Amino acid sequence: MKDFIFTLPTKLYFGESYIEKVGSILKEKSFEKVLIVFGKHSKKVGLIDNIETQLKQENINYFELDDIRVNPIRSKVYQGIKIAKENNVDLILAIGGGSVIDTAKAIACGVKVDFDFFDFNLHLKEVKSAMPIVTILTIAASGSEMSDSCVISDDNLNIKNGFNSEYVRPLISFLNSEYLKTLPKHQMACGITDMFMHTFERYIYIEESSEIADGFALALLKNWYKTVQKYLKGDNSKEVLDDFMLIGSFAHNGLTNIGKKFLMPVHKLEHGVGGFYPNLVHADGLAILLPYFLEEYKTYLKDKLITFGKVVLELDSNNDDKLINDIILKIKSIFHELGMPQSFNELGISFDYLKIANALTKNNSSPLSYPNKNIDVNVASRIYKNSLF
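Here the structure is a predicted model, which is why all the values come from computation and not from measurement.

Rules used throughout
Residues numbered from 1 in each chain as written. Predicted model: local features only at pLDDT ≥ 70, side-chain atom pairs only at ≥ 80, totals over all residues. Heavy atoms only, no water. Buried < 20%, exposed > 50% of the residue type's maximum accessible area, 1.4 Å probe, protein only. Helix = DSSP H or I, 4+ residues; strand = E, 2+ residues; numbered from the N terminus. Pairing = 2+ DSSP bridges. Patch = residues over 30% accessible without salt bridge, like charges linked within 9 Å, V, L, I, M, F, W, Y side chains within 5 Å. Areas by Shrake-Rupley, 256 points an atom, 1.4 Å probe, with all protein chains shown as cover. Salt bridge = Lys/Arg side-chain N within 4 Å of Asp/Glu carboxyl O. Phe/Tyr/Trp six-rings, centres within 6.5 Å; stacked < 30°, edge-to-face > 60°. Lys NZ or Arg CZ within 6 Å of the ring centre and 35° of its normal. Expected span 1.5 Å × (residues − 1). Contact = heavy atoms within 4.5 Å. Axes fitted to C-alpha atoms, helices over the stretch in contact; angles between N-to-C directions. Core = buried A, V, L, I, M, F, W, Y, C linked by side-chain atoms within 4.5 Å.

Below, the discussion takes up the pairing of strand β4 (residues 91–96). Burial analysis of β4 places six of its six residues in the buried class, which makes it a mostly covered element. Residues L91, L93 and I95 point to one face of β4 and I92, A94 and G96 to the other, with burial holding for every one of them. Direction of pairing for strand β2 (residues 33–38) relative to β4: parallel, over a ladder of five bridges. Paired with I36 across the bridge in β4 is L93. Alignment of β4 against strand β5 (residues 133–137), held across five bridges, turns out to be parallel. Residue pairing across strands places A94 opposite T135, the latter belonging to β5.

Shown next, in the form of structure tokens:
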């Protein structure tokens, strides 16, 4: 096990009753000026009006940054930094999903520096401080409400990239699964896919002495699979939605990789495509790319996949090769049942796979380091090529 520091400062308020206490809780924390960052869904369900009414009642001033898109964009962060600085706000309140929360995180860091915040995403600078962040979650997906990560896109540079810092873990997160009932079916499926990937990619990374982290991951994946089975049978109960919301948060808060080095290769591959196609929904790309990544690496991930198949999917076979192929097919089948795409062609997306592979690996000068076989331009090209149709 590697040396590590683990901190999880985010205080969760889980359940419907706490939403009506947001204003009073923020008042108790002595916040006086709040920048609210949100997207269209939060406005549509009346959540913004509710929270702003509470803030007025507590005499807390607020300012708005709205219309945050999927794959949050650099220019919106600049707008938020300007508003925050001009009005001397003391809290960033994100109301929405991962895109909204990541925008809030970037603003919280950008306010504190006199250089371009995107240097953090380009890994040119390291975060030293950030404003406090509070989130109200409306979709179970990214886990950004408890994570140390922040992903932002620049459409002009064709870059989608993230950074990690303990400074961007939210101070407080409010989780109310009632908001999941108003989500379109595909958006719900995207969230279910994303939380799976956050756990699964950590789990399959091979490192010695990772039993504790892998044990946490397998337990979470097993609960994910059981909950998905209920959901696919039409169970949209509070119990199911509560489970998805909690799984999403714990999939990305660091518990499933505690003491373990890891890389999320399918996320990296998706970011490569997403940088050129900003309208690509993150989870759509993940669902498409994962099976082809597994086909490329199944020989090296054999033991991990077999354990996953037996413990989580309850599959078994006397033939290891058959079992692994069954596992990959089962994952594809689950994604298909959820309504996730199986190729980029299905989304009307076609691209030069070598161009994107070169961009991802910096013309093969910087392949992604991965146990047993790095993701170089040739590996990335094969995965991208196979994922097109």
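Nonpolar side chains collect at one region of the surface, where M1, F4, F6, L8, I212 and F216 lie side by side and expose about 530 Å² of accessible area between them. One can find F216 in helix α8 (residues 211–232). What makes F216 partly exposed here is its relative accessible area of 36%.

Let's shift gears to the packing of aromatic side chains. For any pair of aromatic rings, the description consists of the separation of the ring centres together with the inter-plane angle of the planes. One pass over the full model with this rule turns up 20 aromatic pairs. Between F293 and Y297 the ring centres are 4.7 Å apart and the planes differ by 20 degrees, which places this aromatic pair in the stacked class. Within this pair, F293 and its partner Y297 are both found in helix α11 (residues 282–297), separated by four residues, close to a single helical turn. One exposure class covers both F293 and Y297, and it is buried. Note on F293 and Y370: the rings are 5.7 Å apart at their centroids and 80 degrees apart in plane angle, and the pair reads as edge-to-face. With F293 in helix α11 and Y370 in the loop between α14 (353–361) and α15 (377–387), this pair connects stretches of sequence that are 77 residues apart. Feature note: the residues F196, F200, W224, F308 and F335 constitute an aromatic cluster, connected by ring pairs. The aromatic ring of Y203 is capped on one face by K304, whose charged end is 4.8 Å from the ring centroid. The side chain of K373 reaches across the aromatic face of Y297, ending 4.9 Å from its centre.

Turning to helix α9 (residues 238–250), a few remarks are in order. Along its 13 residues, α9 runs 18 Å from first to last C-alpha, staying within 8% of the 18 Å computed at 1.5 Å per residue. Those residues of α9 that fall on the buried side of the exposure criterion are V240, L241, D242, F244, M245, I247, G248 and S249. Buried positions along α9 lie against β1 (11–14), β5, β8 (172–175), α7 (185–204) and α8.

What follows is about the sheet that holds β8. Spatially, β1-β8-β5-β4-β2-β3 is the arrangement adopted by the six strands of the open sheet, whose pairing is parallel. What marks the edges here is a single partner per strand, and that holds for β1 and β3 (61–65). Along the sheet, successive strands turn relative to each other by an average axial angle of 20 degrees, direction set aside. Contacting β2, β3, β4 and β5, helix α5 (residues 98–110) runs over the sheet at an angle of about 165 degrees to β4. Along the sheet face, α9 touches β1, β5 and β8 and points at about 170 degrees away from the line of β1.

What follows is about the nonpolar core. The biggest cluster of nonpolar side chains holds 107 residues, and the ones touching the most others in it are I107, F196, F200, F293, L294, F308 and Y384. Sequence-distant contacts of Y384, that is, excluding residues within four places in its chain, are made with K268, L269, G272, V273, L289, F351, Y353, I356, A357 and L360. Core analysis: the next-biggest nonpolar cluster, separate from the first, contains 22 residues, Y13, V34, I95 and I172 among them.

Here the structure, examined in full by the defined rule, presents 18 salt bridges. In this structure, D155 and R69 form a salt bridge, with 2.8 Å as the shortest nitrogen-oxygen distance. With a gap of 86 residues between them, D155 in the loop between β6 (149–154) and β7 (159–164) and R69 in the loop between β3 and α4 (74–86) connect regions that are remote in the sequence. Residue class for R69 comes out partly exposed when judged on its relative accessible area of 26%. Taking the shortest distance from any N to any O, the salt bridge between E296 and R382 comes out at 2.6 Å. Of this pair, E296 sits in helix α11 while R382 sits in helix α15, and the two are 86 residues apart along the sequence. In this structure R382 comes out as partly exposed when scored by relative accessible area, which is 38%. If you follow the salt bridges from partner to partner, you end up with R74, D116 and D154 in one network.

As far as function goes, none of this settles anything; it's purely spatial.
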